[in-house]
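Structural overview for review
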Amino acid sequence: MKLRAVLAAIAMCLSALSAHAANVGFQETRVPDAGGSPLVVGVWYPTDATPHDQRLELFSQTVAADGRVAGMRLPLVVMSHGTGGWYGEHIDTALALARAGFVVAAVSHTGDTYDDQGRRVNIQGRPRHIREVVDFMTRAWPEHAKIDARRIGLFGFSSGGFTALVAAGGVPDLRTIAGHCLAHPDYFDCGMLATAHLDPATMPIPPASAWLHDPRIKAAVVAAPALGFSFGRGGLKGVTIPIQLWRAEDDHILPNPDYAEAVRVSLPRRLEYHLVANADHFDFLSPCSKALARQVPDICASRPGFDRTAFHAAFDASVVAFFLRTLR
């Protein structure tokens, strides 16, 4: 990222902050899912209520728990996490968006979280979760009248990035996984299938009609998308909304060029593209607390010379600026 672009993004965020409540409200809610158990969703939003320090798993945040929502006609951003993650793994980005006047609804994908991995290979169910969350936030959430349903964005990381591309109109061809894993059996996605005792050459493949899209989504941020190769040249022709795409230069989980780069060359319209020098896959996750770093050091460790905290200050500013621009 060029310094000028970063400074412009930060200036845009500061301008937005002056127009909205500086405090952030937070609540955890349950969203009905027609395909299974209720979805656990974390919701951040602007508020005038007094915030207090609060623990959220192994993170901490300064929020007003269940404080009233400040403002009207607020844009909504839905968040989709990576494999084995949860709704709070991008907590810093959610807080930055809420401070800038967005309502943020981050979903824990049932069966693909750190404490429940029973359906982690059932990636075709994720876009339905996004639709369910959008339905709930714009129709049933107690403060839904304060959301502008014409301004909805989507943020996705890793498997969540794949989810965002599908929800935005992408149609993957999972038959391509067989050839991919034949060539790269040591890659993370192929190892995950092997652990689940699934043979890519014989596993059930969902038809194109099984992938759910949501035309209410008007812009998306996609970071290190999983299965990028599966879209091919034609699978992303239906993605016509603005996309901000991020790639970690030294991604050892989803190595170049089969994932983010495959998406970059296949999107039908010009996109905002960021290549993060010296970054690894998990650097897109929020900077770890000391407690989290002790528990999952592999996820919290960065490459020598990479400052995840400094990167996230610029990353969050760029994400906020992108959604401010595209969800006007």
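Quick summary incoming for the structure in this document. (Residues numbered from 1 in each chain as written. Predicted model: local features only at pLDDT ≥ 70, side-chain atom pairs only at ≥ 80, totals over all residues. Heavy atoms only, no water.)

Okay, the packing of aromatic side chains next. Evaluated as defined, the whole model comprises 22 aromatic pairs. Plain terms: the ring middles of Phe229 and Tyr259 are 5.9 Å apart, the flat faces sit at 75° to each other, and that makes the pair edge-to-face. With Phe229 in the loop between strand S8 (217–223) and strand S9 (243–248) and Tyr259 in the loop between S9 and helix H7 (260–266), this pair connects stretches of sequence that are 30 residues apart. The class for Phe229 is buried, based on a relative accessible area of 15%. These aromatic residues form a ring-pair network of at least three members: Phe155, Phe157, Trp246, Phe284, Phe306, Phe311 and Phe315. (Phe/Tyr/Trp six-rings, centres within 6.5 Å; stacked < 30°, edge-to-face > 60°. Helix = DSSP H or I, 4+ residues; strand = E, 2+ residues; numbered from the N terminus. Buried < 20%, exposed > 50% of the residue type's maximum accessible area, 1.4 Å probe, protein only.)

This next bit is on the state of the cysteines. Put plainly, a disulfide is one covalent bond tying together the sulfur atoms of two cysteines. According to the stated counting rule, one finds two disulfides in the structure shown. Covalent S-S linkage joins Cys288 and Cys300, the inter-sulfur distance amounting to 2.1 Å. On the sign convention where negative means left-handed, the S-S torsion of about -90° between Cys288 and Cys300 marks this disulfide as left-handed. Pair noted here: Cys288 is in the loop between strand S10 (272–276) and helix H8 (290–295) and Cys300 is in helix H9 (residues 297–300), with a separation of 12 residues, a long-range link. Of the residues examined, Cys288 reaches a relative accessible area of 25% and is grouped as partly exposed. According to the relative accessible area criterion, Cys300 is buried, its value standing at 15%. Taken in N- to C-terminal order, the disulfide-linked cysteines of the protein are connected 1-2, 3-4. (Disulfide = S-S within 2.5 Å.)

In the contact formed by helix H5 (residues 176–183) and helix H6 (residues 188–195), the axes pass within 9 Å of each other and the chain directions differ by 105°. What the angle tells us is that H5 and H6 run roughly perpendicular. Packed against H5, whose contacting residues are Ile177, His180 and Cys181, the element H6 presents Asp189, Cys190 and Leu193 at the interface. Split by residue class, the contact of H5 with H6 holds four nonpolar, one polar and one charged. (Axes fitted to C-alpha atoms, helices over the stretch in contact; angles between N-to-C directions. Parallel < 35°, antiparallel > 145°, perpendicular 65-115°, else oblique. Contact = heavy atoms within 4.5 Å. Nonpolar A, V, L, I, M, F, W, Y, C, P; charged D, E, K, R; others polar.)

Here we come to the sheet that holds strand S1 (residues 23–33). As summarised here, the arrangement of the 10 strands in space is S3-S4-S1-S2-S6-S5-S7-S8-S9-S10, forming an open sheet in which the pairing is mixed. Looking along the sheet, the strands with just one partner apiece sit at the ends: strand S3 (52–56) and S10. Each adjacent strand pair in this sheet contributes to an overall mean axis angle of 30°, direction not counted. Of the strand pairs in this sheet, strand S5 (residues 74–80) and strand S7 (residues 147–157) are connected by six bridges, and their pairing is parallel. Its bridge partner being in S7, Leu76 is matched across the sheet by Ile152. Contacting S5, S7, S8, S9 and S10, helix H10 (residues 308–326) crosses the sheet at an angle of about 160° to S8. (Pairing = 2+ DSSP bridges.)

Turning our eyes to something else, we now look at the pattern of salt bridges. Close approach of charged atoms lets side chains of opposite charge pair. A full pass over the atoms with the stated rule returns 15 salt bridges. As a salt-bridge pair, Asp33 and Arg128 come within 2.9 Å of each other at their nearest N and O atoms. Taken as a pair, Asp33 in strand S1 and Arg128 in helix H3 (residues 126–140) lie far apart in primary sequence, 95 residues in all. Asp33 gets classed as buried once you look at its relative accessible area, which sits at 9%. Arg150 serves as the salt-bridge partner of Asp148, at 3.0 Å between the closest nitrogen and oxygen. Residue classification places Asp148 among the buried positions, given a relative accessible area of 8%. On the accessibility criterion, Arg150 (62% relative accessible area) is exposed. A network of salt bridges, in which partner residues are shared, links Asp135, Arg139, Asp214 and Arg216. (Salt bridge = Lys/Arg side-chain N within 4 Å of Asp/Glu carboxyl O.)

The next thing to look at is helix H4 (residues 159–167). In terms of residue burial, H4 counts as a mostly covered element, since nine of its nine residues are buried. Among all positions in H4, only Ser159, Gly160, Gly161, Phe162, Thr163, Ala164, Leu165, Val166 and Ala167 are buried. In this fold, the buried residues of H4 make contact with S5, H3, S7, S8 and H7. Following H4 by one or two positions, Gly169 has its phi on the positive side, about 125°.

Before going further, it helps to spend a moment on the pairing of S1. Sheet topology places S1 next to strand S2 (residues 36–47); 10 bridges connect them, and they run antiparallel. Paired with Val24 across the two strands is Pro46, which belongs to S2.

Its location among the elements puts Asp251 in the loop between S9 and H7. On the accessibility criterion, Asp251 (8% relative accessible area) is buried. Not counting residues within four places of it along the chain, the set of residues in contact with Asp251 comprises Ala224, Ala279, Asp280 and His281. Reaching out from Asp251, the side chain makes a polar contact with the backbone nitrogen of Ile253 at a distance of 3.0 Å. Polar side-chain contacts of Asp251 include one of 2.8 Å to the backbone nitrogen of Leu254. (Polar contact = N/O pair within 3.5 Å; in protein donor to acceptor, adjacent residues only side chain to side chain.)

With that settled, the discussion passes to unusual backbone geometry. A cis amide bond, omega 10°, links Asn256 with the succeeding residue Pro257. Note on placement: Pro257 falls in the loop between S9 and H7. In this structure, Glu57 is a non-glycine residue whose phi angle is positive, near 55°. For Asp66, which is not glycine, the phi dihedral falls at a positive 60°. Relative to the helices and strands, Asp66 resides in the loop between strand S4 (59–65) and S5.

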